[in-house]
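Below are the chains, spelled out letter by letter.
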Amino acid sequence: MKLFYGPGACSIGIHVILEELGSPFDTQAVSTRDGSVHKPEYLAINPKAKVPALLRDDGTVLTEFPVIAWWLAKSNPAAGLIPADLEGEARTLEWLDYLCGTVHPQGFTRQFRPGNFGKDEADHPRVVAQGKAMSENYLALIEGRIAGDPWLLASGYSVADAGLFFLERWCVGPLGIALPPKIAKHYEAMKARPAVQRAVAREAG
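Residues numbered from 1 in each chain as written. Predicted model: local features only at pLDDT ≥ 70, side-chain atom pairs only at ≥ 80, totals over all residues. Heavy atoms only, no water.

Lay out unusual backbone geometry in plain terms, naming residues and giving numbers.
A negative phi angle is the norm for most residues apart from glycine, just as the trans form is the norm for most peptide bonds. Cis peptide bonds are those with omega within 30 degrees of zero, and the linkage from valine 51 to proline 52 qualifies with 5°. Tracing the backbone through its elements, the reader meets proline 52 in the loop between helix 2 (40-43) and strand 3 (53-55). Cis geometry marks the peptide bond from aspartate 149 to proline 150, where omega comes out at 15°. Mapped onto the secondary structure, proline 150 falls in the loop between helix 5 (124-145) and helix 6 (159-175). Positive phi, normally seen in glycine, also occurs at glutamate 64, with a value near 80°. Along the chain, glutamate 64 turns up in the loop between strand 4 (61-63) and helix 3 (65-75). (Helix = DSSP H or I, 4+ residues; strand = E, 2+ residues; numbered from the N terminus.)

See the structure below:
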């Protein structure tokens, strides 16, 4: 398989999941900053012009972080990256949808791409400040709903944790947002995982 990822983007979470599985895979960086996602050669892979995208062994492509994460986990049950019971699977998908479909685009994208929310540059500081406040509120909600120690689910580590990881990296990196105690513990536990270390090193080049 081949993962199309953006350096510094949410796709690091899918990279982590692939490393957890231990099967060989290729990667190709596609910058989300210089317009590479809009070039014809990448649009032929993913017409949505976004990352991640996963080219599978049968030549088909999967897009959207939650779907790729779910498919990888379900296709590799021995890895134990998603609970086997229906309730546990539903809770995993619930986390993935919230992290990727609400927290990321509403809170964090406002800070990285204020122009998406306000065309007038004079409005950008307000948009960024709004995004930071929203992100902090989202983090407080996540903090209160972490069911495991340190993982999101009481049943243990899952693909949902890879979804939280990319948000944590943005907080402690470019955005300078303090992590609440349980999320900070989660982040440290993620950094200690060999799969995470391999994914980060591989993307660092």
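Picking up where we left off.
An account of the packing of helix 1 (residues 12-21) against helix 8 (residues 194-204) is requested, with residue identities and associated values reported.
Direction vectors running N to C along helix 1 and helix 8 enclose 125°, while the axes themselves pass 8 Å from each other. The orientation of helix 1 with respect to helix 8, classified from their angle, is oblique. Here helix 1 runs over helix 8; the crossing is right-handed. Residue-level inspection shows Ile12, His15, Val16, Glu19 and Glu20 of helix 1 in contact with helix 8, the latter providing Ala195, Val196, Arg198, Ala199, Val200, Arg202 and Glu203. Class assignment for the residues of the contact of helix 1 with helix 8 results in six nonpolar, one polar and five charged. (Axes fitted to C-alpha atoms, helices over the stretch in contact; angles between N-to-C directions. Parallel < 35°, antiparallel > 145°, perpendicular 65-115°, else oblique. Left-handed = near helix turned anticlockwise from the far one by under 90°. Contact = heavy atoms within 4.5 Å. Nonpolar A, V, L, I, M, F, W, Y, C, P; charged D, E, K, R; others polar.)

Let's hear about helix 5: which residues, and what values?
Under the 1.5 Å per step criterion, the end-to-end length of helix 5 is 31 Å for 22 residues, consistent within 8% with the ideal 32 Å. Taken residue by residue, helix 5 has His124, Val127, Gly131, Ser135, Tyr138, Leu139, Ile142 and Glu143 as its buried positions. Buried residues of helix 5, seen end-on, are gathered within an arc of 145° and therefore sit on one face of the element. Summarising the geometry of helix 5, the exposed residues directed more than 90 degrees from the buried face are Pro125, Asn137 and Gly144. Where helix 5 is buried, its residues touch helix 4 (86-112), helix 6 and helix 7 (181-191). (Expected span 1.5 Å × (residues − 1). Buried < 20%, exposed > 50% of the residue type's maximum accessible area, 1.4 Å probe, protein only. Arc of directions from axis to C-beta.)

Mind laying out the sheet that holds strand 3, listing which residues take part and the relevant values?
Strands belonging to one sheet form pairs held by backbone hydrogen bonds; the direction of such a pair is parallel or antiparallel. On the basis of which strands lie adjacent, the open sheet formed by four strands has the order 2-1-3-4 and mixed pairing. The open sheet has two free edges, formed respectively by strand 2 (26-29) and strand 4, since each of these has just one partner strand. For this sheet, the mean inter-axis angle between neighbouring strands, taken without regard to orientation, is 20°. Relative to strand 4, strand 3 is paired through three bridges, and the arrangement is antiparallel. Residue pairing in the sheet places alanine 53 in a bridge with threonine 63 of strand 4. (Pairing = 2+ DSSP bridges.)

I'd love a proper account of the side chain of arginine 56, names of residues and values included.
Examined against the element boundaries, arginine 56 turns out to sit in the loop between strand 3 and strand 4. The side chain of arginine 56 sits in the buried core without any salt bridge; aspartate 58 is the nearest counter-charge, 4.3 Å away. Beyond its immediate chain neighbours, meaning those up to four positions away, arginine 56 contacts Met1, Leu62 and Trp71. (Lys, Arg positive; Asp, Glu negative; His and termini not counted. Salt bridge = Lys/Arg side-chain N within 4 Å of Asp/Glu carboxyl O.)

Describe in detail the pattern of salt bridges, supporting the description with residues and values.
This structure, assessed with the given rule, holds 10 salt bridges. One salt bridge in this structure joins arginine 91 and glutamate 87, with 2.8 Å as the shortest N-O distance. Of this pair, arginine 91 and glutamate 87 both sit in helix 4, separated by four residues, roughly a single helical turn. On the basis of relative accessibility, which here comes to 37%, the residue arginine 91 falls in the partly exposed class. Overall, glutamate 87 belongs to the partly exposed group, its relative accessible area being 46%. Note that lysine 191 is salt-bridged to glutamate 188, the shortest N-O span being 3.1 Å.

Account for the environment of aspartate 26, naming residues and giving values.
Of note, aspartate 26 is situated in strand 2. For aspartate 26, a relative accessible area of 48% corresponds to the partly exposed category.

Please set out the packing of aromatic side chains residue by residue, giving values where relevant.
Summed over the entire model, instances satisfying the criterion amount to eight aromatic pairs. Seen from their ring centres, phenylalanine 108 and tryptophan 170 are 5.8 Å apart, and the 45° between their planes marks the pair as tilted. In this pair, phenylalanine 108 sits in helix 4 while tryptophan 170 sits in helix 6, placing the two residues 62 residues apart along the sequence. The same class applies to phenylalanine 108 as to tryptophan 170, namely buried. Relative to tryptophan 170, the ring of phenylalanine 166 has its centre 5.1 Å away and its plane inclined at 70°; by these criteria the two rings are edge-to-face. Taken together, the residues phenylalanine 166 and tryptophan 170, both in helix 6 and four residues apart, mark about one turn of the helix. Each member of the pair, phenylalanine 166 as well as tryptophan 170, is classed as buried. In this structure an aromatic cluster arises from ring pairing among Phe65, Phe108, Phe112, Phe166 and Trp170. When the ring centre of tryptophan 71 is taken as reference, the NZ or CZ atom of arginine 56 above it lies at 4.8 Å. The side chain of arginine 193 reaches across the aromatic face of tyrosine 157, ending 3.6 Å from its centre. (Phe/Tyr/Trp six-rings, centres within 6.5 Å; stacked < 30°, edge-to-face > 60°. Lys NZ or Arg CZ within 6 Å of the ring centre and 35° of its normal.)

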